[in-house]
Amino acid sequence: MATNSLKRKAATQENIGAEQQPPRKLAAIAEADTNQPLRPSKVAPNGTTTTTTTTTGTGVAKLGRGPPPLTKPRAPALSTSTTATGVRRTTRATSAPPKTAPVRPPARPTSRVATHPRSRPGTNTANDERFDSIQQQIARIEAARAADAARLDAELAQERAKRSDLQASHEALSRELTNAKTQELAQRQELFIASDELNNLRQRHEREISEMQADLRRKDRELRELNEDLRMYQADLERERETVKSLKATIAQQATAQLSLTAQLGALQAEKAAVQAEFDRTSGSKADLAIQLERAQKRIADLEREAREGESVRRKLHNMVQELKGNIRVFVRVRPVLRSDILSSTFSLSAGSAGAITDGTGSPDPEAEAKLREEAMAPMAFPDKMDHREIVLKSSSESATGQERKDEWQFTFDRVFEPHSTQAEVFEEISQLAQSCTDGYNVCVFAYGQTGSGKSFTMEGGQSETTAGMIPRAVEQVFRVADELKSKGWEYKMEGQFLEIYNETINDLLGKGEFDKKKHEIKHDPKTGRTTVTDVNVVPLASATQVRTLLAVAQGRRTVAATLMNERSSRSHSVFTLRIRGENALTGESCEGSLNLVDLAGSERLEKSGAGADRERLKETQNINKSLSALGDVIAALGEKGEGKGDKHIPYRNSKLTYLLQNSLSGNSKTLMFLNLSPLATHLHESLCSLRFATKVNNTTIGTAKKQTKHSS
């Protein structure tokens, strides 16, 4: 069935292509003599053309001689196409020839018939030559049609062979994927069985320890009772001794009692020794159980360490696969619903609902606030609970006929972070990418999204350790790796710079005083792939703490303003660049890499942000949207170039932002885009536009980054 449907689809596409091409016009036949009547030609079964002529008018019938009148055959429908080399090719459609009405012969003037009763002898020869030329044209057309049919059959055979190869490859990959999943399920099942056995063993040991402890307490109680009895007996013995002293006369009578008491005392002492031996044996068994428990805990720790190492290996292999693909990696992060989102004007709240957040004393009501958060959040789902790579958006609306229409959009990326994800979890996924600059690679991580979606928080973060963003965490990771590599002979030198692009103007955030009036120019070195900006402060870095200080200075100088969508909206694009150069005195090897961390300004609409009322805000919004649009044009051009459309022009120079990121987008860098999304239902349209753009970015192939290392001779 699949083969037949593919054949029908290919035939339909060929017919559509043939119909869309304009037909080729043939030269009119027998235009010199329009007085001869023409009739449709009839084609015989063997391919020859027979012509049936009749005379019209009484004047011609009386002539009695001359060749029969010619017919005007209908030219077959032709289509023209232009090949890749520019040669025009004429092909005939493979469908049935169109039915055409017979050509009505023009009326013969009566004056000519009356004046020339007989045709001239030269007319017959001209008609014969014209008829022969027509037959030759028909033969050439038939030959061209046969050649086109043969070529189409050959191309169809090639396409069938390609389809067979693709189907075979698909089946092989499906079998390999099935085998891999089966092995993974078997290993997980073995792990679950081992965990259950370990839990059962631990429970059995705990029960045995409890029973032995209860037995030990019982033995202690019996021992105390025996000691009490022993004291009582000793007291009795003392009384008896006093009685013997006072009553010497009764010594003989008490001798038997004394012997019995002595025998009882010996029996009690023997019983005490037996109890003591049992107590010692119980203590030894308890020590053995403690040793076994310690071994079991050590085994559990080893298994957990192996699991963590396996996860690390999986992440490394995933990064390796992505690097070999050469695509721009895309991570999606959805920020949580904030309390300010509930009370903001972008979310329509009635006065009663706003007052329901508090219980009247000023303290928040958790249940009411949770309910309002759920109402404000757009319908989002994260179905992939294992790999966390999918996000689904849903929407319901009412059509013009009053029926409910439900829409659903599903997107897949390299990683999707849910609203409850922490900064540490996000950085864990990009930690290995960030430290690649110590190996001599160029790395670029940039945050994209609408205004108020959490880009600045993701990249720069807060003041505490738990809320630190990607920039300070990446720098700390680089310094930590550099310290670890010192034992292998590596010595690194690092320097950093912090720029912003405001209204298509580059400003130095690490400069002194007001922004200077210098014209900063962007320069690219095609040999080393290094990008530099003239007349900016490049600060040598000695520790990660110094970088935090520079970030605080840059945040204080960056251009921000309040809008209706964000009370602290970034009005510029910020770019932090960390350059690192390393040398190994033992091997003579050297490397040079860079880490670019970009926080893009958020795209916004004038009617929602309210920036149109202020001329300065309006200009900022126009420049922000213009630069982001230029970034989209660059991504689209890269996508077309990756599809094999030749030397496609990439418009890097349309914006300062795209020109600054040229090396990061042209395949000379490991590039990752963070797409930040707002969870609010009022921002669902902007979120969909951002997700579609991110999908286009994720499908863009820029090539594999190259390691920049040198070996000294």
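Here is a short report on the structure shown in this document. Since we're looking at a predicted model, the values are computed, not measured.

### Quick notes on empty space enclosed by the protein
One water molecule sets the probe size; rolling that probe over the atoms shows where empty space is left.
Next up, step 1: Here the structure, examined in full by the defined rule, presents six cavities of 30 Å³ or more.
Next up, step 2: Taken as a whole, the largest cavity holds about 280 Å³ of empty space.
Next up, step 3: Forming the walls of the largest cavity are 22 residues, and the residues nearest its centre are R530, T531, T577, S594 and N596.
Next up, step 4: At four residues, the largest contribution of residues to the lining of the largest cavity is made by strand 19 (residues 589–599).

### Side note on the pattern of salt bridges
Next up, step 1: Inspection of every chain in the model, using the stated rule, returns 18 salt bridges.
Next up, step 2: The closest approach of N and O atoms between R415 and E429, which form a salt bridge, is 3.6 Å. Taken as a pair, R415 in strand 9 (residues 415–417) and E429 in helix 9 (residues 423–434) lie far apart in primary sequence, 14 residues in all. The pair formed by R415 and E429 is uniform in burial state, with each residue classed as buried.
Next up, step 3: The closest approach of N and O atoms between D483 and K486, which form a salt bridge, is 3.7 Å.
Next up, step 4: Classification of D483 as partly exposed rests on a relative accessible area of 47%.

### Describing the packing of aromatic side chains
Next up, step 1: Under the definition given, this model contains six aromatic pairs.
Next up, step 2: Taking 6.0 Å as the distance between ring centres and 70° as the angle between the ring planes, the aromatic pair formed by F331 and F417 counts as edge-to-face. With F331 in strand 5 (residues 329–334) and F417 in strand 9, this residue pair connects regions lying 86 residues apart in the sequence.
Next up, step 3: For F331, a relative accessible area of 6% corresponds to the buried category.
Next up, step 4: Consider the rings of Y448 and F693, whose centres lie 4.8 Å apart with planes at 35°: the pair is tilted. Of this pair, Y448 sits in strand 10 (residues 442–448) while F693 sits in helix 17 (residues 684–698); the two residues are 245 residues apart in sequence, bridging distant segments of the chain.

### Examining the packing of helix 11 (residues 470–484) against helix 12 (residues 544–557)
Next up, step 1: Their axes nearest at 9 Å, the elements helix 11 and helix 12 cross at an angle of 160°. By the angle between their directions, the pair helix 11 and helix 12 is classed as roughly antiparallel. For the crossing formed where helix 11 meets helix 12, the hand is right-handed. For the pair helix 11 and helix 12, contact is made by I471, P472, V475, E476 and F479 and by A544, V547, R548 and L551, respectively.
Next up, step 2: Residues of the contact of helix 11 with helix 12, tallied by class, amount to seven nonpolar, no polar and two charged.

### Points about a nonpolar patch on the surface
Next up, step 1: A contiguous nonpolar patch, built from V313, L317 and M320 and spanning about 280 Å² of accessible area, is present on the exposed surface.
Next up, step 2: Considering the arrangement of structural elements, one finds L317 in helix 5 (residues 251–325).

### Topic: the side chain of R335
Next up, step 1: Its place among the elements puts R335 in the loop between strand 5 and helix 6 (339–343).
Next up, step 2: Residue R335 is classed as buried on the basis of its relative accessible area, which comes to 12%.
Next up, step 3: Polar side-chain contacts of R335 include one of 2.9 Å to the backbone oxygen of G452.
Next up, step 4: Discounting chain neighbours no more than four positions away, the residues touching R335 are D341, P419, G452, S453, G454, L677, S678, P679 and L680.

### Quick word on helix 8 (residues 366–376)
Next up, step 1: Where helix 8 is concerned, the buried positions are A368, E369, L372 and A376. Around the axis of helix 8, the buried residues are gathered within 95° of arc, so they sit on the same side. Exposed and facing more than 90 degrees away from the buried side of helix 8 are P366, E367, K371 and E374.

### Some thoughts on the sheet that holds strand 7 (residues 390–398)
Next up, step 1: Strand order in the open sheet formed by three strands is 6-7-8, with antiparallel pairing between adjacent strands. Unpaired on one side and paired on the other, strand 6 (380–381) and strand 8 (404–412) mark the two borders of the sheet.
Next up, step 2: With two bridges joining them, strand 6 and strand 7 adopt antiparallel strand pairing. Paired with A381 across the two strands is V392, which belongs to strand 7.

### Some points on the pairing of strand 7
Next up, step 1: Relative to strand 8, strand 7 runs antiparallel, the two sharing nine bridges. Bridge pairing links L393 to W409 in strand 8.
Next up, step 2: In this structure, the hairpin formed by strand 7 and strand 8 is closed by a connection of five residues, where G402 is found at a positive phi of approximately 90°.

### Thoughts on the nonpolar core
Next up, step 1: Counting 49 residues, the largest nonpolar core has I391, F413, M673 and L691 as the members making the most contacts within it.
Next up, step 2: Elements represented by at least two residues in this core include exactly strand 5, strand 7, strand 10, strand 11 (490–502), helix 14 (615–642), helix 15 (656–660), strand 20 (670–677) and helix 17.
Next up, step 3: The element contributing the most residues to this core is helix 14, with seven residues.
Next up, step 4: The residues contacting M673, other than those within four sequence positions of it, are R329, V330, F331, F446, Y448, F693, A694 and V697.
Next up, step 5: Counting 42 residues, the second-largest nonpolar core is a separate cluster that includes C437, A447, A474 and V478.

Parameters at a glance
- Residues numbered from 1 in each chain as written.
- Predicted model: local features only at pLDDT ≥ 70, side-chain atom pairs only at ≥ 80, totals over all residues.
- Heavy atoms only, no water.
- 1 Å grid on protein atoms, 1.4 Å probe; cavity = no way out; pocket = protein on both sides within 12 Å on 5 of 7 lines; lining within 4 Å.
- Points joined across faces, edges and corners; volume = space filled by probe spheres on them.
- Helix = DSSP H or I, 4+ residues; strand = E, 2+ residues; numbered from the N terminus.
- Salt bridge = Lys/Arg side-chain N within 4 Å of Asp/Glu carboxyl O.
- Buried < 20%, exposed > 50% of the residue type's maximum accessible area, 1.4 Å probe, protein only.
- Phe/Tyr/Trp six-rings, centres within 6.5 Å; stacked < 30°, edge-to-face > 60°.
- Axes fitted to C-alpha atoms, helices over the stretch in contact; angles between N-to-C directions.
- Parallel < 35°, antiparallel > 145°, perpendicular 65-115°, else oblique.
- Left-handed = near helix turned anticlockwise from the far one by under 90°.
- Contact = heavy atoms within 4.5 Å.
- Nonpolar A, V, L, I, M, F, W, Y, C, P; charged D, E, K, R; others polar.
- Patch = residues over 30% accessible without salt bridge, like charges linked within 9 Å, V, L, I, M, F, W, Y side chains within 5 Å.
- Areas by Shrake-Rupley, 256 points an atom, 1.4 Å probe, with all protein chains shown as cover.
- Polar contact = N/O pair within 3.5 Å; in protein donor to acceptor, adjacent residues only side chain to side chain.
- Arc of directions from axis to C-beta.
- Pairing = 2+ DSSP bridges.
- Core = buried A, V, L, I, M, F, W, Y, C linked by side-chain atoms within 4.5 Å.

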